[in-house]
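In case you want the letters, here they are:
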Amino acid sequence: MTPMLRLYNTLTREKAAFAPIDPTNVRMYACGPTVYDAAHIGNARPIIVFDLLFRLLRHLYGPEHVTYARNVTDVDDKINARALERGITIRALTDGTLAQFHKDIRDLGVLMAEDVNRAGAPVRFIEPRATDHIGEMHRLIEGLVAAGHAYVAEGHVLFDVPSMPDYGALSKRPLDEMEAGARVEVAPYKRSPLDFVLWKPSKAGEPSWPSPCGIDAPGRPGWHIECSAMSWKHLGKTFDIHAGGIDLIFPHHENEVAQSRCCFGTDVMANVWLHNGFLQVEGEKMSKSLGNFITIRQVLDDWPGEVVRLNMLKTHYRQPIDWTLRGLEESSRMLDRWYEAAGEAAPDAAVPGGVVEALGDDLNTPAAIGELHRLAGSDAGALKAGAGLMGFLPTTKAQREAERVGAAGIDVARVEALIAERKAARAAKDWAASDRVRDALTALGVSVKDNKDGTTTWTVAG
Ligand SMILES: [Zn+2]
């Protein structure tokens, strides 16, 4: 039976049934981070959304039948500038930033290479770095020149946009609009203002490699060629899904399509193109000048990663998302309720159909979360299984409580002793003493609940 999955495809502007080229190796690519600075909360959105898609594909086709490549851009103007500014090498900057990025996204419940790849089995999650693929870029660039789709000019290699009759099919922008946008980058060596850089000379102090096409001076790749090279190497000339943020449709994805299709003579690069919507903060566009620029780490300092993940997935991935404190508080309460309902239950072997169906409908996460909410009132095992598919409830209620106690640095023996003291004071009707003990517990960050059966339980406050 073919698993039911429908995806909205930017290429066709339609939602259609997903049919992989090879169901035993479903291949997806997502544009990953440019590692020059701490990732912000807007960067977290595609990472979380396409992690969920990866999990769903693994569920539908089998974990051994899905390959996911999410690249790392480690050569870029911003990287060069930042390394210079900080007085460190480019490699030190990109390694350090990538290590922080990994720490951030692991806390967001994102599947990592070590969770997915098994010794002796084919590699199913790849995080290729641009600078490890210069050879593939050379081959693509030389292939494009040989096919008459690129030309050499003043140490640059440029893609010849007018040589591709259906350039612009992904973004569907009118030619005059693209030309107006491209005019910002007018250069004397360009034949058409739309032509874009595949390779360019390195300036002094910039990283450089031997150039392709017989160019003497060393140089470095343009941005778009990286993704054509990495997706080709790891997924093939054509593959199933290419994903990224909506801001990448033009020019980045349009140019990736142009490079790959014109080099390989194929009708498509990827069959399905997925794009996630924008993120704004408290109703405003996030920007450094507005002072509402939040890194993933800053959010994680205040909220558990699971709350952040839920807050991101509560909005459908194609809709714009408004990141608010109120939303985070609501997500936190929702998770508390799920943990309470799941208790110590083991997940059911089968994931509940309602959750799979909702996700299969173009990743309808609001509907899937609604389904989890319904199950929280009725079926703990099904709730655990459904939540598990989406990367939620990785622990039981008791484990989570123990983790929270550990994270808050609470002395459990001291809390238990105070609770016993409070019990004795109340038995002796010494209300002043009882109030003093309650204040001491509050000061420790603990909230106490007296149950109907006469027992007292406590949790980490707020
Ligand atoms: Zn890309």
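Remember, it's a predicted structure, so these values are computed and weren't measured experimentally.

### Thoughts on the overall build of the chain
So, step 1. Looking only at helices and strands, one finds 17 helices and 16 strands in the chain.
So, step 2. Considering only C-alpha atoms, the chain reaches an extent of 95 × 55 × 45 Å along its principal axes.
So, step 3. Expressed as a percentage of its 462 residues, the buried residues of the chain come to 51%.
So, step 4. At a minimum sequence separation of 6, the contacts of the chain that also span at least 24 residues come to 75%.
So, step 5. Looking at the chain as shown, the accessible area adds up to about 21100 Å², and 53% of this sits on carbon and sulfur atoms.
So, step 6. The distance from the centre of the 52 positive side-chain charges to the centre of the 61 negative ones in the chain is 3 Å.

### Observations regarding the domain arrangement of the chain
So, step 1. Looking at the assigned domains, one finds that the chain contains domain 1 (1–276), domain 2 (325–398) and domain 3 (410–460).
So, step 2. Opposite the 13 residues of domain 1 that make contact, domain 2 presents 12 residues.
So, step 3. Between domain 1 and domain 2 lies a buried interface of about 1100 Å² when both sides are counted; carbon and sulfur atoms form 68% of it.
So, step 4. For the domain 1 face of the interface with domain 2, the top three residues by lost area are Leu 52, Leu 56 and His 59, together amounting to 46%.
So, step 5. Remark: the boundary between domain 1 and domain 2 carries one salt bridge.
So, step 6. Linking Lys 15 and Asp 361 is a salt bridge whose minimum nitrogen-to-oxygen distance equals 2.7 Å.
So, step 7. Between the two partners, domain 1 and domain 2, sit four residue pairs in polar contact (both at pLDDT 80 or more).
So, step 8. Listed by contribution, the elements that provide at least two residues to the side of domain 1 that touches domain 2 are strand S1 (6–9) and helix H1 (41–61).
So, step 9. The biggest single contributor to the side of domain 1 that touches domain 2 is H1, with seven residues.
So, step 10. Per-class residue counts for the side of domain 1 that touches domain 2 are nine nonpolar, one polar and three charged.

### Quick notes on the coordination of the zinc ion
So, step 1. Around the zinc ion, the protein supplies Cys 31 (SG), Cys 227 (SG), His 252 (NE2) and Glu 256 (OE) as donor atoms, at distances of 2.1 to 2.6 Å.
So, step 2. Around the zinc ion, the four donor atoms are arranged such that angles at the metal cover 73 to 129°; this shape is classified as irregular.
So, step 3. Mapped onto the sequence, the donors of the zinc ion take the spacing C-x195-C-x24-H-x3-E. Of this pair, Cys 31 sits in the loop between strand S3 (26–30) and H1 while Cys 227 sits in helix H7 (residues 223–235); the two residues are 196 residues apart in sequence, bridging distant segments of the chain. The two residues Cys 31 and Cys 227 agree in class, both being buried.

### Digging into the UniProt feature "binding site: ATP" (unreviewed entry) in the chain
So, step 1. The UniProt record marks Lys 288 with the feature "binding site: ATP" (unreviewed entry), using the residue numbering of this structure.
So, step 2. Examined against the element boundaries, Lys 288 turns out to sit in the loop between strand S13 (284–285) and helix H9 (296–302).

### Here's the deal with the sheet that holds strand S9 (residues 219–221)
So, step 1. With respect to topology, four strands assemble into an open sheet ordered S6-S7-S8-S9, the strand pairing being antiparallel. Among the strands making up the open sheet, the edge pair consists of strand S6 (150–153) and S9. Strand-to-strand twist across the sheet, computed as the mean angle between neighbouring axes with direction ignored, equals 20°.
So, step 2. As paired strands, S6 and strand S7 (residues 156–159) are joined by four bridges and run antiparallel to one another. Across the sheet, Val 152 pairs through a bridge with Val 157, a residue of S7.
So, step 3. In this fold helix H5 (residues 134–146) packs onto S6, S7, strand S8 (196–201) and S9, with an angle of close to 120° to the strand it touches most, S8.

### Let's talk about the pattern of salt bridges
So, step 1. Per the counting criterion, the structure on display carries 28 salt bridges.
So, step 2. The residue Lys 314 makes a salt bridge to Glu 330 at a minimum N-O spacing of 3.3 Å. Of this pair, Lys 314 sits in the loop between helix H10 (305–313) and strand S14 (321–323) while Glu 330 sits in helix H11 (residues 325–342), placing them 16 residues apart in sequence.
So, step 3. Residues participating in the shared-partner salt-bridge network are Asp 74, Arg 91, Asp 95 and Arg 129.

Procedures and definitions
- Residues numbered from 1 in each chain as written.
- Predicted model: local features only at pLDDT ≥ 70, side-chain atom pairs only at ≥ 80, totals over all residues.
- Heavy atoms only, no water.
- Helix = DSSP H or I, 4+ residues; strand = E, 2+ residues; numbered from the N terminus.
- Buried < 20%, exposed > 50% of the residue type's maximum accessible area, 1.4 Å probe, protein only.
- Contact = heavy atoms within 4.5 Å.
- Areas by Shrake-Rupley, 256 points an atom, 1.4 Å probe, with all protein chains shown as cover.
- Lys, Arg positive; Asp, Glu negative; His and termini not counted.
- Charge placed at Lys NZ, Arg CZ, Asp CG, Glu CD.
- Domains from an automatic or database assignment.
- Buried area = accessible area lost by both parts, 1.4 Å probe.
- Salt bridge = Lys/Arg side-chain N within 4 Å of Asp/Glu carboxyl O.
- Polar contact = N/O pair within 3.5 Å; in protein donor to acceptor, adjacent residues only side chain to side chain.
- Nonpolar A, V, L, I, M, F, W, Y, C, P; charged D, E, K, R; others polar.
- Donors = N, O, S within 2.8 Å, 3.2 Å for Na, K, Ca; no water.
- Tetrahedral: all angles 85-135°; square planar, octahedral: opposite > 155°, others 65-115°.
- UniProt positions renumbered as here; feature names shortened; annotations may be inferred.
- Pairing = 2+ DSSP bridges.
- Axes fitted to C-alpha atoms, helices over the stretch in contact; angles between N-to-C directions.

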